[in-house]
Amino acid sequence: MNEVTVEQAVAAVRQIALVAGGWAIGRGYLQQDTLTALITIAGLAVPFIWGQSKTRKLAKK
């Protein structure tokens, strides 16, 4: 993937998470603070896991 495509994919995932979260808040499944915490944790965990995965693949080569 080139850099623009990766940025677009990340933005799309973020928008989908916000829409799904807004729906869940509207239905009463989540509170806004809970959604904010989940998105923050995902924003920290996903790049970390992705980086670990890439590093391990490169180490195997």
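Just above, that's the structure.
The shown structure was predicted, so the numbers you read here are calculated from the model rather than taken from an experiment. (Residues numbered from 1 in each chain as written. Predicted model: local features only at pLDDT ≥ 70, side-chain atom pairs only at ≥ 80, totals over all residues. Heavy atoms only, no water.)

Describing the overall build of the protein chain
Reasoning step 1: Helix and strand counts for the protein chain stand at two helices and zero strands.
Reasoning step 2: Taking 2.2 N^0.38 as the reference for a compact globule, 61 residues should give roughly 10 Å; the C-alpha atoms of the protein chain span a radius of gyration of 15 Å, well beyond that estimate.
Reasoning step 3: The buried share among the 61 residues of the protein chain stands at 5%.
Reasoning step 4: For the protein chain, the exposed surface amounts to about 5,400 Å²; the carbon and sulfur share of it is 65%. (Helix = DSSP H or I, 4+ residues; strand = E, 2+ residues; numbered from the N terminus. Rg over C-alpha atoms; globule rule 2.2 N^0.38 Å. Buried < 20%, exposed > 50% of the residue type's maximum accessible area, 1.4 Å probe, protein only. Areas by Shrake-Rupley, 256 points an atom, 1.4 Å probe, with all protein chains shown as cover.)

Side note on the packing of aromatic side chains
Reasoning step 1: Applying the stated criterion to the full structure yields one aromatic pair.
Reasoning step 2: Centroid distance Trp-23 to Tyr-29: 5.5 Å. Interplanar angle 50 degrees. Geometry classified as tilted.
Reasoning step 3: Relative accessible area serves as the criterion here: at 58%, Tyr-29 is assigned to the exposed category. (Phe/Tyr/Trp six-rings, centres within 6.5 Å; stacked < 30°, edge-to-face > 60°.)

Notes on a positive patch on the surface
Reasoning step 1: A grouping of Lys-54, Arg-56, Lys-57, Lys-60 and Lys-61 is seen on the molecular surface, where their side chains present a positively charged patch.
Reasoning step 2: Structurally, the position occupied by Lys-54 is in helix H2 (residues 32-60). (Patch = residues over 30% accessible without salt bridge, like charges linked within 9 Å, V, L, I, M, F, W, Y side chains within 5 Å. Salt bridge = Lys/Arg side-chain N within 4 Å of Asp/Glu carboxyl O. Lys, Arg positive; Asp, Glu negative; His and termini not counted. Charge placed at Lys NZ, Arg CZ, Asp CG, Glu CD.)

Structural notes on the environment of Ile-16
Reasoning step 1: With respect to the helices and strands, Ile-16 occurs in helix H1 (residues 3-27).
Reasoning step 2: Residue class for Ile-16 comes out exposed when judged on its relative accessible area of 59%.
Reasoning step 3: With ten residues separating them in the primary sequence, Ile-16 and Val-6 have C-alpha atoms 15 Å apart.

Digging into the environment of Ile-41
Reasoning step 1: Topologically, Ile-41 is positioned in helix H2.
Reasoning step 2: Considered as a pair, Ile-41 and Ala-24 are 17 residues apart in the sequence and their alpha carbons are 18 Å apart.

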